[in-house]
Amino acid sequence: MNDQPRRRPAKPHRRPQKDPVRFLAFEALRAVDERDAYANLVLPPLLKKARAKGDFDGRDAALATELVYGTLRRQGTYDAIVAACIDRPLREVDPPVLDVLNMGVHQLLGTRIPTHAAVSASVELARVVLGEGRAKFVNAVLRKVTAHDLDGWVEKVAPSYEEDAEDHLSIVHSHPRWIVSALWDALGGGRAGIEDLLEADNERPEVTLVARPGRSTTDELVKALGEDNSLPGRWSPYAVRMAEGGEPGALTAVQEGRAGVQDEGSQLVAAALAAAPVEGRDTRWLDGCAGPGGKAALLAALAADRGATLLAAEKQPHRARLVERALAGNPGPYQVVTADGTRPPWRPGTFDRILMDVPCSGLGALRRRPEARWRRRAEDLESFAPLQRGLLREALKAVRVGGVVGYATCSPHLAETRVVVEDVLKGRGGEPVEAEWVDARPLMPGVPALGDGPDVQLWPHLHGTDAMYLALLRRTG
């Protein structure tokens with residue numbers, strides 16, 4: 001008789017099941033990390049390919065989008081939670097593993113996906129993209145995460161506001177500490193305002209369309225979208241907001257270039273420059289940093305309505321091609337050139353109106369590009385400073401006496417906004433320029449909370465726009 005214990009038959013090997021939604025979201029997150037890509041550029045072609053293969057419907061696309069953007073927006077908070085659940089420094093966790101973990105944490109703490117489904121789907125994804133060994137690590141960490149909800153975890157991993165206000169806000173609202181500090185300085189005020197701003201940065205922005213004057217109307221866009229999927233612009237007379245999302249590129253007016261996708265803050269900047277009073281002639285306009293072309297297209301339409309000509313200049317050839325595409329079909333005269341605004345090919349005193357929407361840190365568009373907050377460093381602003389001052393200085397030379405220059409940034413950082421303008425006007429780092437401030441506030445009628453002027457800073461939490469800055473200057477000599 002054989003006294004040896006009988007062995008249980010081995011479990012049959014199960015091949016991990018590939019979830020197309022989570023796999024696509026993981027692909028997008030890896031592209032953002034490995035190639036410094038932007039999610040808003042990476043995700044649409046991935047979704048289009050998945051739809052073409054028949055893998056996705058509308059709900060799948062919505063979930064994939066939420067997983068990508070939610071994970072990126074809350075990365076700082078989720079990193080702190082994962083760090084509390086592991087026995088090694090976070091920097092020692094391989095980036096692909098951290099992407100799977102953070103996407104799992106988002107499902108557990110930031111969505112209504114049931115706990116067991118969030119854990120099992122994340123572990124299955126880990127098996128597919130990481131292998132069995134690291135899938136066990138993912139399983140162990142996520143099971144620890146299930147011990148608390150988001151508020152409970154934040155209470156554990158963030159210092160109190162009284163102990164360290166900036167670090168508290170950084171972890172609670174998932175922004176690097178230096179950005180919290182910079183935004184707070186620009187905004188001023190107490191705790192409520194900065195918390196509202198940081199929270200607004202973590203909300204999904206609306207899709208806003210612009211009806212380019214003389215080429216389209218808001219009524220046309222509303223009719224094309226339908227009453228249920230359209231809202232009027234808050235402030236811009238050319239704006240229509242898409243209430244339920246959707247694909248703006250499917251609209252005929254957008255396909256034909258008569259309308260486009262453009263944040264309402266960007267529309268307000270272009271419209272304010274066009275409305276600023278100038279003395280005498282008003283026939284030659286310049287957009288000196290025109291790429292990718294949204295403001296140029298609106299300015300070209302406004303210029304054409306008055307019989308003026310727009311010159312759109314862009315230093316980068318590929319961005320100049322985007323400007324050409326945006327302006328194609330404009331009824332009025334315009335020209336697109338590849339040119340460096342710091343070494344311009346045009347003569348001094350040539351233009352009546354100039355817009356200089358200068359390269360900047362992009363801290364005003366963190367709603368749209370949440371990954372930018374993790375890439376930027378405080379020292380990056382030092383590289384922008386000479387360029388911003390140089391562009392504004394040359395713009396003030398290029399406008400004629402009595403003409404107006406609009407200096408704009410998609411950043412509220414003081415080092416990129418008012419400090420630049422004041423330095424140029426006072427001749428710091430170059431020859432002083434004879435120019436005076438023009439109050440921009442009356443040129444944005446109906447828009448509240450524009451501050452003490454004469455310049456204007458828009459805010460996501462106050463205006464529902466990107467944090468655009470505009471200073472208007474009239475050359476006096």
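Up top you'll find the structure we're talking about.
Below is a summary of the structure that appears in this document. Please read these numbers as outputs of a predicted model, since none were measured by experiment. (Residues numbered from 1 in each chain as written. Predicted model: local features only at pLDDT ≥ 70, side-chain atom pairs only at ≥ 80, totals over all residues. Heavy atoms only, no water.)

### A look at helix α2 (residues 39-53)
Between its terminal C-alpha atoms α2 stretches 21 Å, which fits the 21 Å expected from 15 residues at 1.5 Å a residue. Here α2 has its buried residues at Ala39, Val42, Leu43, Leu47 and Ala50. All buried residues of α2 lie within an arc of 120° about the axis, which places them on one face of the element. Exposed residues pointing more than 90 degrees away from the buried face of α2 are listed as Leu41, Lys48, Lys49 and Ala52. In this structure, the buried residues of α2 make contact with α1 (20-34) and α3 (58-73). (Helix = DSSP H or I, 4+ residues; strand = E, 2+ residues; numbered from the N terminus. Expected span 1.5 Å × (residues − 1). Buried < 20%, exposed > 50% of the residue type's maximum accessible area, 1.4 Å probe, protein only. Arc of directions from axis to C-beta. Contact = heavy atoms within 4.5 Å.)

### Considerations on the sheet that holds strand β3 (residues 239-242)
One open sheet accounts for four strands, arranged β2-β3-β1-β4; its pairing is antiparallel. The open sheet has two edge strands, β2 (230-232) and β4 (259-261), and neither has a second partner. Each strand axis lies, on average, 30° off the axis of its neighbour in the sheet, ignoring direction. The pairing of strand β1 (residues 207-211) with β3 spans four bridges and is antiparallel. Bridging across to β3, Val210 finds its partner in Ala239. (Pairing = 2+ DSSP bridges. Axes fitted to C-alpha atoms, helices over the stretch in contact; angles between N-to-C directions.)

### Describing the nonpolar core
Judged by nonpolar contacts, the single largest core of 54 residues is most densely connected at Phe56, Val68, Val138 and Val145. Apart from the residues lying within four places of it in its own chain, the contact partners of Val145 are Ile81, Cys85, Val105, Leu108, Leu109 and Trp153. Within the second largest apolar cluster, 44 residues are counted, among which are Trp285, Leu298, Ala303 and Val456. (Core = buried A, V, L, I, M, F, W, Y, C linked by side-chain atoms within 4.5 Å.)

### Side note on unusual backbone geometry
For the peptide bond that leads from Gly291 to Pro292, omega is 0°, which places it in the cis range. As for its placement among the helices and strands, Pro292 is situated in the loop between β5 (284-287) and α15 (294-305). For the bond from Gly453 to Pro454, the omega torsion is -5°, close enough to zero to count as cis. One non-glycine residue, Ala449, adopts positive backbone phi at about 55°. Counting through the fold element by element, Ala449 comes out in the loop between β10 (435-438) and β11 (456-457). When its relative accessible area of 45% is taken as the criterion, Ala449 is described as partly exposed.

### What about the packing of α1 against helix α5 (residues 95-110)?
At a minimum axis distance of 10 Å, the contact between α1 and α5 shows a crossing angle of 130°. It follows that α1 is oblique to α5 by the angle criterion. The handedness of the crossing between α1 and α5 is right-handed. Contact with α1, carried on its side by Arg22, Ala25, Phe26, Leu29, Arg30 and Asp33, involves Pro95, Pro96, Asp99, Val100, Met103 and Gln107 of α5 and no other residues of that element. (Parallel < 35°, antiparallel > 145°, perpendicular 65-115°, else oblique. Left-handed = near helix turned anticlockwise from the far one by under 90°.)

### Notes on the pairing of β3
The two faces of β3 match: Ala239 and Arg241 on one face and Val240 and Met242 on the other face are all buried. Looking at chain direction, β2 and β3 are connected through three bridges and run antiparallel. Residue Ser230 lies in a different strand from β3, and its bridge partner there is Met242. Counting the residues that bridge the hairpin from β2 to β3 gives six residues.

### Some thoughts on the pattern of salt bridges
Inspection of the entire model under this criterion finds 36 salt bridges. Notably, a salt bridge pairs Glu132 with Arg127, separated by 3.3 Å at the nearest N-O pair. Residues Arg258 and Glu220 are paired through a salt bridge, measuring 2.8 Å at the closest nitrogen-oxygen approach. Linking Arg258 in the loop between α13 (252-255) and β4 with Glu220 in helix α12 (residues 218-225), this pair joins segments that are 38 residues apart in sequence. Overall, the relative accessible area of 19% leaves Arg258 in the buried class. Given the relative accessible area of 28%, Glu220 is considered partly exposed. Among the charged side chains, a network of salt bridges with common partners joins Arg30, Asp33, Glu34 and Asp99. (Salt bridge = Lys/Arg side-chain N within 4 Å of Asp/Glu carboxyl O.)

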